[in-house]
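Residue-level structural notes
Chain by chain, the residues:
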Amino acid sequence: MRAVGTALTITLIAASTASLIAATPYVRLSQANWVAALTGKDGRKVTGKATAAPTADGTGTVVTVSFEGDTPGATRPWHVHTGSCAKSGGVVGGGRVYTPLAVDAKGQASGKATLAVPLADTTTYYVNIHDSAAAMGIIVACGDLAKR
Ligand SMILES: [Cu+2]
């Protein structure tokens, strides 16, 4: 019976350690600052920049984006996605936190979003600028985020 009790204790310790690690949001988050150069897709002359950095408490991510060379008056949805411009993935942090960007009379736009999730050093990300809410499949500009 003692052997069974010891095995049970070890199992319980292992299980509680595993749940502790799973419950700790800091294990794999990135403390890095990230930057992406945005370039126009399909011949568009759009160029720009995006950055991502941890929030002060480390539990979220602040993302900035700015670009120029776009069509005045356009409204562009945008997101951080997992993956890369060459291999698309899902939106990070939920689509609602990204306010679509209004392109001004000079063809410039900028914006910011605060994600409720951290980025992870073990994942790759990119920022894309979509054509419009009605044409999300058309990408105006894209850039892979890299740690700097
Ligand atoms: Cu997107």
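Residues numbered from 1 in each chain as written. Predicted model: local features only at pLDDT ≥ 70, side-chain atom pairs only at ≥ 80, totals over all residues.

Per an unreviewed UniProt entry, the protein goes by CHRD domain-containing protein and derives from Gemmatimonas phototrophica.

Observations concerning the overall build of the protein
We count it as follows: Strands here are runs of E lasting at least two residues and helices are runs of H or I lasting at least four, both read from the DSSP assignment and numbered beginning at the N terminus. Around each residue's C-beta, the other C-beta atoms within 10 Å are counted; 20 or more make the residue buried, 12 or fewer make it exposed, and counts in between make it partly exposed. All C-beta atoms are placed from the backbone. What counts as a contact is two residues whose backbone-derived C-beta atoms lie within 7 Å of each other.
If you tally the helices and strands in the protein, you get 1 helix and 9 strands. Listing each helix as α and each strand as β along the protein from the N terminus yields α-β-β-β-β-β-β-β-β-β. Going through the 148 residues of the protein one by one, you find that 26% of them count as buried. Here the analysis covers contacts within the protein between residues at least 6 apart in sequence; of these, 61% occur between residues at least 24 apart.

As for the sheet that holds strand β7 (residues 109-115)
Defined as follows: The pairing criterion is simple: DSSP has to find at least two bridges between the two strands. Fitted lines through C-alpha atoms serve as axes, helices being fitted only where they are in contact, and the angles separating the N-to-C directions of these axes extend from 0 to 180 degrees.
Ordered by their spatial adjacency, 7 strands build an open sheet running β5-β8-β9-β1-β2-β3-β7, and the pairing between neighbours is antiparallel. This sheet does not close on itself; its edge strands, each paired only once, are β5 (78-82) and β7. Across this sheet, the average inter-strand angle for adjacent strands is 25°, counted without regard to direction. Across 5 bridges, β5 lies against strand β8 (residues 125-132) in antiparallel orientation. From the neighbouring strand, His81 faces β8, where its bridge partner is Tyr126.

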